[in-house]
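Examination of the molecular architecture
Listed below are the residues making up each chain.
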Amino acid sequence: MTRALLVVDVQNDFTEGGSLAVDGGAEVAVKISEYLRTTAGEYAHVVATRDHHVDPGNHFAEDPDYVDTWPAHCVVGTGGEELHSRLDRGPIEAVFDKGEYAAAYSGFEGRIDGTSLADWLRDHGVDTVDIAGLTTDHCVQASALDALQEGFGVRVLLNLTAGVTEATTEAAIDRLRAAGVETVGQVHRPVRHG
Ligand SMILES: [Zn+2]
């Protein structure tokens with residue numbers, strides 16, 4: 001088994017002070033960095049994704065519903081798009097960008113130098129993926145379901161994720177488990193009710 005860690009969208013706009021902040025987002029950045037220090041050697045590869053919007057159409061809205069539409073976030077060229085400063089970049093070998101001109105919740109829509117995330121992982125002999133990052137109920141969920149579709153073994157490290165709302169986070173965890181994704185630990189409890 002060759003395992004990779006996939007760090008999904010730990011970006012400034014999804015953390016405290018960002019335009020689409022989730023409660024506990026910055027803590028997730030810190031906890032992933034601690035986790036990387038204590039699990040050095042357990043992962044053959046560590047990669048990350050970024051939401052990377054230029055003009056993603058109706059993904060952005062003036063009056064967002066926080067389900068399908070969102071305040072502007074992770075716009076290319078803004079600080080909000082940058083990976084969080086408390087996330088240790090050292091172990092991250094490749095960053096896959098997604099969502100230039102449309103919503104892209106799954107990290108598997110991401111590419112680096114034209115190579116898709118799934119192809120990169122397969123090229124590097126990876127057959128199993130652990131997933132952490134933001135947010136449990138959207139991009140982490142979508143990435144985990146796509147990882148399964150792509151044929152990888154998948155675990156979601158819930159203690160290294162945070163969700164937008166409690167209800168959608170609980171629904172996401174149920175859906176992941178039903179699909180065959182192994183979940184590890186407990187999610188940081190979201191406080192926003194929207
Ligand atoms: Zn987005």
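You'll find the protein chain entered in an unreviewed UniProt entry as nicotinamidase, with Geodermatophilus africanus given as the organism. The record held by UniProt for the protein chain lists under Sequence similarities (unreviewed entry) the comment "Belongs to the isochorismatase family." The heading Pathway (unreviewed entry) in the UniProt record of the protein chain holds the text "Cofactor biosynthesis; nicotinate biosynthesis; nicotinate from nicotinamide: step 1/1."

Turning to the state of the cysteines, a few remarks are in order. Here a disulfide denotes a covalent bond joining the sulfur atom of one cysteine to the sulfur atom of another. Per the counting criterion, the structure on display carries 0 disulfides. Distance from the sulfur of Cys-74, which forms no disulfide, to the nearest cysteine sulfur (Cys-139) is 8.6 Å. Exposure remark for Cys-74: the relative accessible area of 0% places this residue in the buried category. Relative accessible area serves as the criterion here: at 6%, Cys-139 is assigned to the buried category.

By the secondary structure assignment, Ser-143 is in helix H3 (residues 136–149). For Ser-143, a relative accessible area of 0% gives the class buried. Reaching out from Ser-143, the side chain makes a polar contact with the backbone nitrogen of Gly-107 at a distance of 2.8 Å. Among all residues touching Ser-143, those that are not within four sequence positions of it are Leu-6, Val-8, Tyr-105, Ser-106, Gly-107, Phe-108 and Ile-131.

Rules and cut-offs
- Residues numbered from 1 in each chain as written.
- Predicted model: local features only at pLDDT ≥ 70, side-chain atom pairs only at ≥ 80, totals over all residues.
- Heavy atoms only, no water.
- UniProt positions renumbered as here; feature names shortened; annotations may be inferred.
- Disulfide = S-S within 2.5 Å.
- Buried < 20%, exposed > 50% of the residue type's maximum accessible area, 1.4 Å probe, protein only.
- Helix = DSSP H or I, 4+ residues; strand = E, 2+ residues; numbered from the N terminus.
- Polar contact = N/O pair within 3.5 Å; in protein donor to acceptor, adjacent residues only side chain to side chain.
- Contact = heavy atoms within 4.5 Å.

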